[in-house]
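Examination of the molecular architecture
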Amino acid sequence: MSNKDQLYLAGERSTGADVRTQNVTAALSVANVVKSSLGPIGLDKMLVDDVGEVTITNDGATILNQLEVEHPAARVLVQLSEMQDKEVGDGTTSVVILAAEMLKRAHELVKNSIHPTSVMAGYRMAMKESIKFIKGELAVKTGTLGRDVAFNVARTTLSSKIFGRESDFFANLAVDSMQLVKETDPTSGKARYPVKSVGIIKQHGGSAKDSQLIQGYCMLGGRAAQGMPRTVKAAKIALLDIDLRKTKMAMGVQVIVTDPKKLEDIRQRESDITKERIQMLINAGANVILTTKGIDDMALKYFVEAGAIAVRRCKKEDLRRIAKLTGGTLMITLADMEGNESFDASMLGQAEEVIEERICDDDHLVIKGGMNTKSCCVLLRGANMHMLDEVERSLHDALCAVKRTLESASVVPGGGCVEAALSIYLEDFATTLGSREQLAIAEFAEAMLVIPKQLAVNAAKDATDIVAKLRSNHNAAQTDKAQAELKYTGLDCITGNIQNNLAAGIIEPALSKVKMIQFATEAAITVLRIDDMIKLHPEEQQQ
Ligand SMILES: Nc1ncnc2c1ncn2[C@@H]1O[C@H](COP(=O)(O)OP(=O)(O)OP(=O)(O)O)[C@@H](O)[C@H]1O
Ligand SMILES: [Mg+2]
């Protein structure tokens, strides 16, 4: 429908049903891309970008990130998965599939002349009810958090990834590393598990099982000279973004010398400036010097004499992290207010120990026991870079899941359990309402089932059969008090059984499900609200 005669536009305008159909089609096509990668039997995608860089992944957010999605409504879904990735870390595939399904069903309702506002109101109500139900009925408080709970959560997340078979090994790695970086907030007394404190380094070669956990912060790069010690205890670390090479006159500066003896003096002074700087650092107590720039070979002897470790050409991000870890400051200049150069001891970071270690044929500097925060590092090994990249992404998902579990201490069974339970509960809830929203809530309930259906399809099982079994179990659980245990029933994709997933250890953090439903509903509503799209033609360039 174009109403160009009513409103002159240098572009196209589409309204009402037209734009909604377009948007829903776009959203569905995005969901179709990621659909087959859901669940433990889900497959991977290979993405090749315009310069030929290959990414192989199973992670929803990464897949969508790599696609160049142009349609504005489809972009809403891409952002949705990004948001889930940022907030929760896992569940980025499910959230997109769910949002698209909700949209599809809402569109059908609107086509049957239900006003979009009623649909949106219904969806919002259903979302609130779902969250209440998850928190009240399904979530299991893990007050005395056993290690196995965190382990199971990590394993469930990892089981859908490239190294599904070694998920036990990596789940252990994830839990161990999270426990190493545990911090307690001094004001509230709550434990915090910052994912950023777990560094990940990748080295190809070896098998995935050769991956290991290193205590302390690990950085690629070795001592600048052999004469330096390998270990420094009670380290005082200077973090510099300053060149420690012989000072040179700035470009364009011209010095006219008439006396040849003076020339030698200038040279001498040039090397003395660097020497004084180094002396300043050493006098302040520094015994580990890390700089992003260079250090002259001539200057190295001063460090060797002082028994200090110096490392050149460090990465700036590494130094920033180390600054945070050790309470030091990254210096970009030594100049002070008066124009002189000085170095204060308070700028030094402190750590228990700094060691140079040889890890997989490369020198690494390991910093243990930083003053401020704890840190550890996971060294990943694998056959090739594609695989390592994917392992890193998967491990990140697992770390996030473990963090959520440990921090919020409540989990829900996975494998479509929550979704099936919600569909039964919401259907009942809808029938108690005598208003227009009833239809929307019933559709919302139906939409939830897309997750178990897709899990079953991807596992090459009969989806109709499995969903029916799941629903009958959950119906029994919600109507009959004696069978309340059945509320933990879910699907195990690997065996194809319907079972108690809580007991089987297929669990996920409750927060990740809650957020998933919230985000998916919000995204569906965002797209649904649109009833007019005006796309302007790009302005013609004046030659
Ligand atoms: N052994 C299992 N049996 C059945 N379902 C499982 C099993 N392990 C995990 N699941 C389910 O698989 C789904 C997660 O799949 P997957 O990890 O592929 O996608 P995601 O978490 O939504 O997205 P991503 O991991 O890409 O960010 C969850 O619904 C989870 O309950
Ligand atoms: Mg996952």
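Just so it is clear, the structure is predicted and the values come from calculations on it, not from any experiment. (Residues numbered from 1 in each chain as written. Chains lettered and ligands numbered in written order. Predicted model: local features only at pLDDT ≥ 70, side-chain atom pairs only at ≥ 80, totals over all residues.)

**Some words on the overall build of the protein chain**
For clarity, the threshold we go by: The way it works is that DSSP assigns letters per residue, a run of H or I at least four long becomes a helix, a run of E at least two long becomes a strand, and they are numbered from the N terminus. Note on burial: count the other C-beta atoms lying within 10 Å of the residue's C-beta; 20 or more is buried, 12 or fewer is exposed, in between is partly exposed, and C-beta positions come from the backbone. Once C-beta atoms are placed from the backbone, any two residues with those atoms within 7 Å are in contact.
Each helix and strand counted, the protein chain has 17 helices and 21 strands in total. Principal-axis analysis of the C-alpha atoms places the extent of the protein chain at approximately 100 × 70 × 45 Å. In the protein chain, which comprises 543 residues, the proportion classed as buried is 44%. Of the contacts made within the protein chain by residues no fewer than 6 positions apart, 74% connect residues no fewer than 24 positions apart.

**Some details on the packing of helix α12 (residues 417-432) against helix α13 (residues 437-448)**
The description of two packed helices rests on the angle between their axes and on the distance between the axes. Put simply, the rule reads: Helix axes use the C-alpha atoms of the stretch in contact, all axes being lines fitted to C-alpha atoms, and the angles between their N-to-C directions lie in the range 0 to 180 degrees. For classification, angles of less than 35 degrees are called roughly parallel, those exceeding 145 degrees roughly antiparallel, those between 65 and 115 degrees roughly perpendicular, and all remaining angles oblique. It is the rotation of the near helix from the far one that decides the hand of a crossing: anticlockwise by less than a right angle makes it left-handed, clockwise makes it right-handed. Each residue is assigned to one of three groups, with Ala, Val, Leu, Ile, Met, Phe, Trp, Tyr, Cys and Pro labelled nonpolar, Asp, Glu, Lys and Arg labelled charged, and all others, Gly among them, labelled polar.
Two numbers describe how α12 lies on α13: the axes approach to 8 Å, and their chain directions differ by 165 degrees. Judged by the angle between their axes, α12 and α13 are roughly antiparallel. At the point where α12 passes α13, the crossing takes the left-handed sense. Contacts from Glu419, Leu422, Ser423, Leu426, Glu427, Phe429 and Ala430 of α12 reach α13 at Gln438, Ile441, Ala442, Phe444, Ala445, Glu446 and Met448. Its residues placed into classes, the contact of α12 with α13 shows 9 nonpolar, 2 polar and 3 charged.

**Here we look at the sheet that holds strand β8 (residues 212-215)**
In a beta sheet, neighbouring strands are held together by backbone hydrogen bonds and run either parallel or antiparallel to one another. Quick note on the threshold: Any two strands with at least two DSSP-identified bridges between them are counted as paired.
Ordered by their spatial adjacency, 3 strands build an open sheet running β7-β16-β8, and the pairing between neighbours is mixed. Every other strand in the sheet has two partners, leaving β7 (198-204) and β8 as the edge strands with one partner each. Neighbouring strand axes in the sheet, compared pairwise and without regard to direction, differ in orientation by 25 degrees on average. When β7 meets strand β16 (residues 376-382), the two strands line up parallel, connected through 7 bridges. Across the sheet, residue glutamine 203 finds its bridge partner in β16, namely arginine 381.

**Structural notes on the domain arrangement of the protein chain**
Formally: Note that the domain bounds reflect an automated or database-derived domain assignment.
The domain boundaries assigned to the protein chain delineate domain 1 (11-141 + 412-536) and domain 2 (223-352). One C-alpha centre belongs to domain 1, the other to domain 2, and the line joining them spans 56 Å.

**A word on the sheet that holds strand β17 (residues 410-413)**
Taken together, 3 strands build an open sheet; the order of strands is β4-β17-β20 and the sheet is antiparallel. Where the open sheet ends on each side, the last strands, each with one partner, are β4 (140-141) and β20 (507-509). In this sheet, β17 lies alongside β4 in antiparallel orientation, the contact comprising 2 bridges. Residue lysine 141 lies in a different strand from β17, and its bridge partner there is serine 410. Of the strands in this sheet, β17 and β20 touch helix α11 (residues 385-408), which is tilted by about 75 degrees from β20.

**Examining the nonpolar core**
Test applied: Joined through C-beta atoms within 7 Å, a set of buried Ala, Val, Leu, Ile, Met, Phe, Trp, Tyr and Cys residues constitutes a nonpolar core.
If you look at the biggest cluster of nonpolar residues, it comprises 150 residues, and the most contacted ones within it are Ala27, Leu77, Ala99, Ala174, Val402 and Ala524. For this core, the element with the most residues is helix α17 (residues 510-528), which contributes 12 residues. Taken domain by domain, this core gets at least three of its residues from each of domain 1 (11-141 + 412-536) and domain 2 (223-352). Ignoring anything within four residues of it in the chain, the contact list for alanine 99 reads Leu77, Leu80, Ala520, Ala523 and Ala524.

**Points about the environment of aspartate 318**
Secondary-structure assignment places aspartate 318 in helix α10 (residues 316-326). Sequence-wise, aspartate 318 and glycine 199 are 119 residues apart; in three dimensions their C-alpha atoms are separated by 9.9 Å.

**Let's talk about the site of ligand 1**
How we decide: Whether a residue is near a molecule or strand depends on its C-beta atom, generated from backbone atoms, being within 6 Å of that molecule or strand.
In the vicinity of ligand 1, 27 residues are found, and the nearest of them are Thr93, Ser94, Ser160, Gly414 and Gly415. Secondary structure elements with two or more residues in the shell around ligand 1: α4 (92-111), α6 (147-159), α14 (450-458) and β18 (489-492). Considered class by class, the residues forming the shell around ligand 1 number 8 nonpolar, 14 polar and 5 charged.

**Thoughts on the confidence of the model for the protein chain**
Selection rule: As a per-residue quantity, pLDDT reports the predictor's confidence and falls between 0 and 100.
When the pLDDT values of the protein chain are averaged, the result is 87; 97% of them are 70 or greater. When pLDDT is averaged over each element of the protein chain, α12 comes out on top at 93 and strand β1 (residues 11-15) at the bottom at 80.

**Observations regarding helix α9 (residues 297-306)**
Selection criterion: An arc is given here, and it is the one of the directions from the helix axis to the C-beta atoms.
For α9, the set of buried residues is Ala299, Leu300 and Phe303. Around the axis of α9, the buried residues are gathered within 110 degrees of arc, so they sit on the same side. Those residues of α9 that are exposed and aimed more than 90 degrees away from the buried face are Met298 and Glu305. At the C-terminal side of α9, glycine 307 shows a positive phi close to 65 degrees.

**Looking at helix α15 (residues 463-479)**
For clarity, the threshold we go by: Helices are assigned an expected span. That span is 1.5 Å times one less than the residue count.
For α15, built from 17 residues, the straight-helix expectation of 24 Å at 1.5 Å per residue is met to within 8% by its first-to-last C-alpha distance of 24 Å. Among all positions of α15, only Ile466, Val467, Leu470, Asn473, His474 and Ala477 are buried. Taken around the axis of α15, the buried residues stretch over an arc of 130 degrees, which confines them to a single face. Opposite the buried face of α15, at more than 90 degrees from it, the exposed residues are Thr464, Asp465, Ala468 and Thr479.

**Digging into the environment of serine 81**
As for its position among the elements, serine 81 is in helix α3 (residues 72-87). Judged by local crowding, serine 81 falls into the buried class, with 27 C-beta atoms found within 10 Å. When the C-alpha positions of serine 81 and isoleucine 200 are compared, they lie 23 Å apart, and in sequence the two are 119 residues distant.

**What about unusual backbone geometry?**
Located in the positive-phi region is alanine 234, a residue other than glycine, with phi close to 45 degrees. Tracing the backbone through its elements, the reader meets alanine 234 in strand β10 (residues 231-240). Phi angles above zero are rare outside glycine, and alanine 409 is one such case at about 55 degrees. Residue placement: alanine 409 occurs in the loop between α11 and β17. Assessed through the 18 C-beta atoms surrounding it within 10 Å, alanine 409 is described here as partly exposed.

**A look at the pairing of β16**
For β16, the buried fraction is high: 6 of the 7 residues fall into the buried class. Two strands pair when backbone bridges link them, and β8 and β16 are joined in this way by 4 bridges, in the antiparallel orientation. Bridging from a neighbouring strand, glutamine 212 pairs with leucine 379 of β16.

**Focus on the pairing of strand β21 (residues 532-536)**
Burial runs low along β21: only 0 of the 5 residues are buried. When β1 meets β21, the two strands line up antiparallel, connected through 5 bridges. In the strand pairing of β21, threonine 15 is matched with aspartate 532.

**Things to note about the packing of α11 against α17**
Running from N to C, α11 and α17 point in directions that differ by 105 degrees, and their axes come no closer than 8 Å. Classified by the angle between their axes, α11 and α17 sit roughly perpendicular to one another. Of α17, the residues touching α11 (which contributes Ala401, Arg404 and Ser408) are Ala510, Leu511 and Ser512. Partitioned by chemical class, the residues of the contact of α11 with α17 number 3 nonpolar, 2 polar and 1 charged.

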